[in-house]
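Residue-level structure breakdown
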Amino acid sequence: MADLTASGFSACPACDAAPLAQRLADRAEVAQGTVILSLPTAHCATCITDVETALTAHPGVRNARVNLTLRRVTVDAPGLAADDLIPVLARVGYEAHELDPDALSATTADRQGRDLLMRIGVSGFAMMNIMILSVAVWSGAESATRDLFHWISGAIALPTVFFAGQPFFRSAWAAIRVGRLGMDVPISLALILASAISVYETMESGHHAYFDAAAMLCFFLLIGRYLDHRTRAIARSAAAELTALEVPRAALLVDGAEQTVPVASLRPGDLIRVRPGARIPADGEIVEGRSEIDRALLTGETLPVLAQPGQRLSAGEVNLTGPLTLRVTAAGRDSSLARLTALVEAAEAARGRYTSLAERASRLYSPSVHLMALCSFAGWMWVTGDLRLAVNIAAAVLIVTCPCALGLAVPAVATAASGRLFRRGLLIKDGTALERLAEVDTVVFDKTGTLTLGRPTLVSDDPLPADLRPVARALAQASAHPLSVALAAALTDEPAELSEVTEHPGFGVSARWGGRPVRLGRADWLGVSDHEDRPTSATWLAVEGQAPVRLEFTDELRPGAADCVARLRKAGLRVLLISGDRPAAVADLAARLGIDDHRAAVDPKGKEAMVADLAAQGAHVLMVGDGLNDTAALARAHASISPASALDAARVASDMVLTGSDLVPVAEAVALARLATRRIRQNFAISIAYNIVAVPLAVVGMVTPLIAALAMSLSSITVTLNALRLRD
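Residues numbered from 1 in each chain as written. Predicted model: local features only at pLDDT ≥ 70, side-chain atom pairs only at ≥ 80, totals over all residues. Heavy atoms only, no water.

Only one face of strand β7 (residues 271-274) is covered, namely the one carrying I272 and V274; the face carrying L271 and R273 has none of its residues buried. Looking at chain direction, strand β5 (residues 249-254) and β7 are connected through two bridges and run antiparallel. Opposite L252, over in β7, you have I272 as the bridge partner. The pairing of β7 with strand β13 (residues 324-330) spans four bridges and is antiparallel. Bridge pairing in β13 places I272 opposite L326. (Buried < 20%, exposed > 50% of the residue type's maximum accessible area, 1.4 Å probe, protein only. Helix = DSSP H or I, 4+ residues; strand = E, 2+ residues; numbered from the N terminus. Pairing = 2+ DSSP bridges.)

With that settled, the discussion passes to the environment of L320. The topology assignment puts L320 in the loop between β12 (318-319) and β13. A residue is classified by how much of its surface remains accessible, and L320, at 33% relative accessible area, is partly exposed. Sequence spacing of L320 and D294 is 26 residues, and the spatial spacing of their C-alpha atoms is 6.8 Å.

A separate point is the packing of aromatic side chains. Pairs of aromatic rings are described using the distance from one ring centre to the other and the angle between the two planes. All chains considered together, the criterion is met by zero aromatic pairs. The cationic tip of R119 hangs over the ring face of F163; the distance from NZ or CZ to the ring centre is 4.7 Å. Across the ring face of W525, the terminal group of R519 is positioned such that the distance to the ring centre comes to 5.1 Å. (Phe/Tyr/Trp six-rings, centres within 6.5 Å; stacked < 30°, edge-to-face > 60°. Lys NZ or Arg CZ within 6 Å of the ring centre and 35° of its normal.)

Attention shifts here to the nonpolar core. Ranked by internal contacts, the top residues of the largest apolar core, which has 45 residues, are L437, F445, L451, L568 and L622. At ten residues, the largest contribution of residues to this core is made by helix α27 (residues 664-699). Ignoring sequence-local partners within four residues, the contact set of F445 consists of T450, L451, C564, V565, L568, V575, L576, L577, I578, V624 and L663. Counting residues in each nonpolar core, the second largest holds 39 residues, with A157, L217, A694 and A708 among its members. (Core = buried A, V, L, I, M, F, W, Y, C linked by side-chain atoms within 4.5 Å. Contact = heavy atoms within 4.5 Å.)

In the structure shown here, the tally under the stated rule is 18 salt bridges. We note a salt bridge from D115 to R119, for which the minimum N-O separation is 3.1 Å. With a gap of four residues between them, D115 and R119 both fall in helix α5 (residues 106-138), about one helical turn apart. Here R119 falls in the buried class, since its relative accessible area comes to 7%. R275 serves as the salt-bridge partner of E258, at 2.5 Å between the closest nitrogen and oxygen. Residue E258 is located in strand β6 (residues 257-262), and its partner R275 is located in the loop between β7 and β8 (283-288); the two are separated by 17 residues in the primary sequence. On the basis of relative accessible area, E258 is assigned to the partly exposed category, the value being 35%. (Salt bridge = Lys/Arg side-chain N within 4 Å of Asp/Glu carboxyl O.)

The subject of this paragraph is the sheet that holds strand β9 (residues 291-294). One open sheet accounts for three strands, arranged β10-β9-β12; its pairing is antiparallel. The open sheet has two free edges, formed respectively by β10 (305-307) and β12, since each of these has just one partner strand. Alignment of β9 against β12, held across two bridges, turns out to be antiparallel. Bridged to I293 within β12 is N319.

It should be kept in mind that the predicted coordinates are not to be read in detail where pLDDT is low. Overall, the predicted model of the protein reaches an average pLDDT of 77, with 78% of residues at or above 70. Ranking the elements of the protein by mean pLDDT puts helix α1 (residues 2-6) last with 35 and strand β15 (residues 442-445) first with 93. Scored below 50 in pLDDT, residues 1-31 makes 60 contacts in the model with residues more than four places away or belonging to other chains. (pLDDT = per-residue confidence, 0-100.)

Checked against the element boundaries, L710 lands in helix α28 (residues 705-724). For L710, a relative accessible area of 36% translates into the label partly exposed. The spatial distance from the C-alpha of L710 to the C-alpha of F219 is 9.8 Å, given a sequence separation of 491 residues.

Another point: the pairing of strand β3 (residues 72-76). Within a regular strand, the side chains alternate between the two sheet faces. Of all the five residues making up β3, four are buried; the element is thus mostly covered by neighbouring parts of the structure. Pairing of strand β1 (residues 34-38) with β3 involves five bridges; the strand directions are antiparallel. If you follow S38 over to β3, its bridge partner there is R72. Examined bridge by bridge, strand β2 (residues 63-67) and β3 share five bridges and lie antiparallel to one another. Bridge pairing in β3 places N67 opposite R72.

Turning to helix α22 (residues 561-570), a few remarks are in order. The set of residues buried in α22 consists of A561, C564, V565 and L568. Relative to the axis of α22, the buried residues are bounded by an arc of 95° and lie together on one face. Those residues of α22 that are buried are in contact with β15, α18 (447-451), β21 (549-557), β22 (574-578), α23 (583-593) and α27. At the C-terminal side of α22, G572 shows a positive phi close to 90°. (Arc of directions from axis to C-beta.)

Time to look at the packing of helix α7 (residues 166-177) against helix α8 (residues 184-203). Where α7 meets α8, the closest approach of the two axes is 8 Å, and the angle between their N-to-C directions is 120°. When the axis of α7 is compared with that of α8, the two are oblique. Crossing of α7 against α8: the hand is left-handed. Along its contact with α7, which presents P167, F168, F169, S171, A172, A175 and I176, the element α8 presents D184, V185, I187, S188, L191 and I192. Per-class residue counts for the contact of α7 with α8 are ten nonpolar, two polar and one charged. (Axes fitted to C-alpha atoms, helices over the stretch in contact; angles between N-to-C directions. Parallel < 35°, antiparallel > 145°, perpendicular 65-115°, else oblique. Left-handed = near helix turned anticlockwise from the far one by under 90°. Nonpolar A, V, L, I, M, F, W, Y, C, P; charged D, E, K, R; others polar.)

Below, the structure is given as structure tokens:
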């Protein structure tokens, strides 16, 4: 226990959040040699492929992962700086900037949203005015009157399309300039073609011009882009939620006086003051003050916890009631909050089977779109000789086949699911864990520290005579043994005055009370017989001249353990309990939780062998454990979860970490993983069905560019809204 205490472990899961994040992040090499760049123009699956391909091809870059939700890329490039990588992305047409923490704030997202809304307003206003002018043409205006209205419509529409279509034009030009085809290229071509053919019709005094359609096309494309922007903001990731907990400034104590300084300037050993209601700006140890701490956003714990001198706090927690003075242990990018954020981002950016499938399809789709549009143009031109009709059909094909929905099918679901699980207190370390969790049909639990808290509690103090209660408490307070600590906490009597108090390690405590010898400890040390097959642990109190008293203790169930097991069984999963504890204790716990299949006295190799044997029988095993003896089984299982209070080795070996003490999120994670898989398949089905219906209709000339824009936007929004159904 001394080694664990020195490492920062405690009985409180929330107290272990800081060392958990630090050790896991260190092993994942998240901070060391990592460059994070913002990608303000990235918006689709093709962007992911282009950015990652360009960066990984650059010398010195070991890995690159784009998080489309946060519009940034994390690059593992030891020895390289942002200035070395930004030109690489510029050469493939992407604007990039070294990440500023402000870039993750709601301010930047709001600014992008306001820009889109402004362009929507301009295009919508122009569209309505052009449609009013078009009424006269539709009503039968001829020759000079019709031409005049067409020219007025063009004077309104052309500047509008040029201004409002900037998001599409800039992205398309950046792609073409470096010789690639992004998703905005066909959209931009469609806008240009619709405008150009309208100018041509007007110059030739044609009966039809499509300035109203061009403005309307731009209007609806912008609405689709804005709705995509908003749904992404709603489904913001767990990483974004963690980032929102960061505090920019802290009150540094210098010679007793407070100075407001940036958090990044804090160094280990600095003293900071945290006032009631403020968020903890850095990891630290309480030096002075007592208060209550709200850890709900970090650990899912709903009740505040007591904070007092000597206790460690983590950045992002909230000080509720009293002023605290902290000695900083880590701040800025070294804080547990920053490392935890980086860990979540790495998981969100990981590639699962469905993600890779969607990206491969999107990558092949862009050239196919342009080839299909060209063939449609050539075919209609050859059959009809009508340039206007051929151009309109080609424009419709370009728009309707944009694979935005396919690109959003997986990331939208993964982001919504990981965010929901994080809010419930379950951190996903591995991006493929959600897919594997959905395949689980068998759940194996460890006992001590997993289904139970590993914290003994007194079953009843009734066996203690009233006159011996003060003696028992005094003896218990003299020992650091877990059973003695539990006994001292359970008794409220004023402790008796003892003399010659001596602790005998491994046996118990002896003393003299009123001249009589008294002892608290093991049965064999006291010379009494005990029953080893009982499910409870026990300590004995012996007072000279009186019969020894047996005090029973049981291991406290982890909150939500019974509910978790019940939900898993109801979902049709097989639940097993495998423990190294005594058979009686394991059987008792299994009976209390309704677990029929349980094994006791199993060593670490035996646990791993049992998990491997289940896998050999075709089972997909979820292992939930916390001890060093569970590490091999956690690594062997199809998916694995460990509590935040687990040993470091167990947490590193697991795919997910339970940051709170409640076990219910384990059952919720299995249910949500299955639901997320269904949502991904539904999104693929929506994307495929949309293309099966829309593409042939566009090719045969039954879809105008305007209807194509509506259909394309509707498909993307449908996919995103379907993913958002995963949220609470």
